[in-house]
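Survey of secondary and tertiary structure
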Amino acid sequence: MLELKLKGWIVVLLIAGAGAARAAPEQKAESSATMPLPELLELYRQVDRAEKVAPARAPLAATVDKIVLSGRLLAKAVELSAHFEVTVLDEDRWVAVPLLREDPAVHLSEIPEIDGAVLSTRRGLELFTRRAGNYRFDLSFLIEASEQKGEHRASIRIAPATLAVLYLQYDEGLFRLAEAGARKGAEGTVFFPAEGEFSLRWEPTAAMAERKAPEREARPPVESVIPSAHASVVATLEGRRITRMLYKLRFEGSKQLELGIPAGQRVAKIFLNSAAIPFEIEAGKVRLEVAPERAGDESARLELVMESDAGGFLLSGGLHFDFPAVSWGVNELFVELHLPQVFNYRWTGGSLAPASGAEGVDYFHRIPTPGKSMCFHQDLIGAAPDLDVAYTVDLQGHYYTGSAVEALRARPAAAQGAEWIAR
């Protein structure tokens, strides 16, 4: 009996196990995919952005907190300075904040530089920015007044602002305000806008009507003067000198200029505004009719090219330089000497004094400028400038290549120095 019961339980367990095996679902292989790492990272970023909650946008893009105008009444206009305070609430989005409404009678006279924002008059006066924050700035403008039956009128239309006020200064002896609602304060007569507009009306008093406009004084003529003059002298071992003089003229209309040419120098060319002009020399002077290059201008450039033969160099000696006398006043003169390399030089006198360096000048007549350079300067030239320079032969790096010793001894000592040349 016991054996029968055990066999029955075994059969039941086997049947139950078989049923459970049939009921278990078949296991499926897991799906997979291969993709590049940048695309995988972008998918993660998209998921992150989707999970982030966008911040709530401000109910207002910007507000105009304060507009304070301060002005002065003129005969036919109002001169104003304005202080603005603006708060921008939106970030990373362009915002246009109106300040003054469009009006052809309004003329800006001064505008500020605003960090992170710009002003535009595309549609009136507007502030453009894409950066949230507080902006405070000042500007100035003029409003032209209209006239009706002897009464002058001007209006300033502003954008809606939390605080808006106008302080007006005026001479009560010359003008009479027609505004009944205006009240006087410490900073002037106070006005508040009505429907976004300040309206001003005034009349000239009898004192203003009797006041005569001052007679316009005749403008004094432009003084004929040479603000600056420049000279470049090139001297060769053979004693030839080429001098270029450049005069920067300031005058009005057409004027005559007289130049005294130093003795021993001959004028080769004269250029007026970079164009060669004819000239004649009488009694050592040249008279020129000068005029600006363009009508209405008040400046011109005059350039002289002079040549002379001062004789050859000795072993040591002195050099004297004379420059033209000018009939006009010369404020300052700059001189640059270009002298043979084989000598050492030092300034010994003259009206010109040594200077640290010469101002760069572009001469129309261009020539090479070899040798050693020396610079000189003189202010307020009245007479003909001059200059003295001493020189001694520079033996370092040079040698003598002259004629036979016997021939050299037979020649005067002054001529012997000319045999020294640079090598």
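Quick note: structure is the one above.
A brief look at the structure comes next. Note that the structure is a prediction, hence the values are computed from the model and not measured.

Let us now look at the overall build of the chain. In terms of helices and strands, the chain carries five helices and 29 strands. Residues classed as buried in the chain amount to 32% of the 423 residues present. Here the chain displays about 26400 Å² of accessible surface, and carbon together with sulfur accounts for 54% of that area.

What follows covers the environment of Ser 228. Following the sequence through the fold, Ser 228 ends up in strand β15 (residues 225-235). Linking Ser 228 and Phe 334, residues 106 residues apart in sequence, is a C-alpha distance of 7.9 Å. Setting aside residues no more than four positions away along its own chain, Ser 228 makes contact with Leu 246, Tyr 247, Lys 248 and Glu 332.

Before going further, it helps to examine the nonpolar core. Within soluble globular proteins, side chains that are nonpolar tend to cluster in buried spots. In terms of nonpolar packing, the biggest core is built from 43 residues, with Tyr 247, Leu 249, Leu 302 and Leu 337 touching the most fellow members. Excluding its chain neighbours within four sequence positions, the residues that come into contact with Leu 249 are Val 225, Ile 226, Pro 227, Leu 257, Val 290, Glu 298, Ser 299, Ala 300, Leu 302 and Trp 328. Among the nonpolar cores identified, the runner-up in size contains 38 residues, and Ile 67, Leu 73, Ala 82 and Ile 156 belong to it.

Here we take up the packing of aromatic side chains. Under the defined criterion, the tally for this structure stands at seven aromatic pairs. Just above the ring of Phe 321 sits the side chain of Arg 241; from NZ or CZ to the centre is 4.2 Å. The ring of Tyr 363 has Arg 244 sitting right over it, with the charged end atom 4.4 Å from the ring centre.

With that out of the way, let us pick up the sheet that holds strand β21 (residues 285-290). Strand order in the open sheet made by the four strands is β20-β21-β17-β24, with antiparallel pairing throughout. Of all strands in the sheet, those with a lone pairing partner are β20 (281-282) and β24 (325-326), marking the two edges. Both β20 and β21 contribute to a ladder of two bridges, which runs antiparallel. Considered in β21, the bridge of Ile 281 is made with Val 286.

Another point: the side chain of Asp 90. With respect to the helices and strands, Asp 90 occurs in the loop between β2 (77-88) and β3 (95-100). For Asp 90, the contacting residues outside a window of four places in its chain are Arg 57, Ala 58, Ala 61, Val 95, Arg 131 and Ala 132.

Spatially, β3-β6-β5 is the arrangement adopted by the three strands of the open sheet, whose pairing is antiparallel. Single-partner strands in this sheet number two, and they are β3 and β5 (117-120). Sheet twist, expressed as the mean angle between neighbouring strand axes with direction ignored, is 25 degrees. Two elements, β3 and strand β6 (residues 125-129), share five bridges in a ladder whose sense is antiparallel. Bridge pairing links Val 97 to Leu 127 in β6.

Moving on, we come to the pattern of salt bridges. Under the criterion given, the structure shown has 17 salt bridges. One salt bridge in this structure joins Asp 115 and Arg 131, with 3.9 Å as the shortest N-O distance. Of the two residues, Asp 115 sits in the loop between β4 (106-110) and β5 while Arg 131 sits in the loop between β6 and β7 (133-144), which places them 16 residues apart along the sequence. A residue is classified by how much of its surface remains accessible, and Asp 115, at 64% relative accessible area, is exposed. Across the salt bridge formed by Glu 126 and Arg 122, the nearest N and O atoms sit 3.9 Å from each other. Accessibility expressed as a relative area gives 5% for Glu 126, which makes it buried. For Arg 122, a relative accessible area of 52% corresponds to the exposed category. The structure contains a network of salt bridges with shared partners spanning Lys 66, Glu 85 and Arg 136.

Calculation notes
Residues numbered from 1 in each chain as written. Predicted model: local features only at pLDDT ≥ 70, side-chain atom pairs only at ≥ 80, totals over all residues. Heavy atoms only, no water. Helix = DSSP H or I, 4+ residues; strand = E, 2+ residues; numbered from the N terminus. Buried < 20%, exposed > 50% of the residue type's maximum accessible area, 1.4 Å probe, protein only. Areas by Shrake-Rupley, 256 points an atom, 1.4 Å probe, with all protein chains shown as cover. Contact = heavy atoms within 4.5 Å. Core = buried A, V, L, I, M, F, W, Y, C linked by side-chain atoms within 4.5 Å. Phe/Tyr/Trp six-rings, centres within 6.5 Å; stacked < 30°, edge-to-face > 60°. Lys NZ or Arg CZ within 6 Å of the ring centre and 35° of its normal. Pairing = 2+ DSSP bridges. Axes fitted to C-alpha atoms, helices over the stretch in contact; angles between N-to-C directions. Salt bridge = Lys/Arg side-chain N within 4 Å of Asp/Glu carboxyl O.

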